[in-house]
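Structural description and commentary
Below, each chain spelled out in residue letters.
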Amino acid sequence: AEELHHRSGTFDVVYLNHVLEHTPSPARALRSIHRVLKPGGSIMLAVPNYGGLQMRLLGRYSSALDLPRHLYQFERATLARYLTEAGFRDLRMTTRTGSQSFTKAIRLILNDACGTSFRREPAWLSAPFGPLVLLCGLFGYFGAGRDLRATARK
């Protein structure tokens, strides 16, 4: 995303789903994306919400942290600043929490406490969290969800 080799004004939409936090330079990536968008084109993206409730409650066990793979952490104000400095406007942000966010956090706790090395959530761990969908919706409603979702226009 930092070095797109497309002509300027090529795309109507660019979609980044949990990509920006892995880039060595989010600012450069967003400027590059802005360049390849057509006038009025849109960016849609999702990143982990470092300012969300899960991060505040679980700290290093939050699935939003995911070190060392996540090079950058974003809160609402940080992401807004990156987007506006890259030239985007009409910014809209929401948050979202999926039930899998809980299972990832529990997997991290289990691996640490029990010395296990689960890389994925086992099915037996995920099953009980399906009913949490309503609670997850409340996190999003109050802006405290695990993921930040943003849309903006060129």
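Before reading on, note that the structure itself is shown above.
The following refers to the structure shown. Along each chain, residues carry numbers from 1 onward, in the same order as the chain's sequence is written. In keeping with the predicted nature of the model, local features appear solely for residues at pLDDT of at least 70, side-chain atom pairs appear and are counted solely at 80 or more, and the whole-chain, interface and lining totals rest on all residues. To obtain the side-chain values, all non-hydrogen atoms of the structure were used and water was disregarded.

1. Topic: the overall build of the chain
Stated formally: Only DSSP runs of H or I covering at least 4 residues are called helices, and only runs of E covering at least 2 are called strands; the numbering of each starts at the N terminus. Classification of residues uses two cut-offs on accessible area relative to the type maximum, computed with a 1.4 Å probe and protein chains only: under 20% is buried, over 50% is exposed, and between them is partly exposed. Note on contacts: a residue pair is in contact if any heavy atoms of the two residues lie within 4.5 Å. Accessibility throughout is a Shrake-Rupley quantity obtained with a 1.4 Å probe, and a residue counts as covered only by protein chains that appear here. Lys and Arg are tallied as positive, Asp and Glu as negative. Neither His nor the chain termini are counted. Note on charges: their place is set at NZ of Lys, CZ of Arg, CG of Asp or CD of Glu.
Scanning the chain from N- to C-terminus turns up six helices and four strands. If you list the helices and strands of the chain from N to C, you get β-α-β-α-α-β-α-α-α-β. Overall, the chain is about 50 × 30 × 25 Å in size when its C-alpha atoms are taken along their principal axes. When burial is assessed residue by residue, the chain has 40% of its 154 residues classed as buried. Taking all contacts inside the chain whose residues are at least 6 apart in sequence as the whole, residues at least 24 apart take part in 77%. Accessible surface, the chain as shown: approximately 8800 Å² in total, 57% of it carbon and sulfur. Averaged over its 21 positive side-chain charges, the chain has a centre that lies 4 Å from the centre of its 11 negative ones.

2. Examining the nonpolar core
Stated precisely, the cut-off is as follows: As used here, the term nonpolar core means buried Ala, Val, Leu, Ile, Met, Phe, Trp, Tyr and Cys residues forming a set that is joined through side-chain atoms within 4.5 Å.
Membership of the largest hydrophobic core comes to 22 residues, with the highest contact counts inside it found for L30, I43, L45, L79, L83 and F88. Residue assignment for this core shows that the elements contributing at least two residues are strand 1 (11-17), helix 1 (26-36), strand 2 (37-48), helix 3 (76-85) and strand 4 (147-153). L83 has contacts with L30, I43, L45, F88, L91 and A150, leaving out every residue within four places of it along the chain.

3. Some words on the pattern of salt bridges
Note the following rule: Note on definitions: salt bridges are taken to be side-chain nitrogens of Lys or Arg within 4 Å of carboxyl oxygens of Asp or Glu.
Inspection of the entire model under this criterion finds seven salt bridges. With its nearest N and O atoms 2.9 Å apart, the salt bridge here joins R60 to D112. Separated by 52 residues along the polypeptide, R60 in the loop between helix 2 (53-58) and helix 3 and D112 in helix 4 (residues 99-114) bring together distant segments of the chain. Residue R149 is joined to D147 by a salt bridge in which the shortest nitrogen-to-oxygen separation is 3.7 Å. Residue classification places R149 among the partly exposed residues on the basis of a relative accessible area of 28%. You can call D147 buried: its relative accessible area is 4%. One network of salt bridges, in which partners are shared, links R96, R146, D147 and R149.

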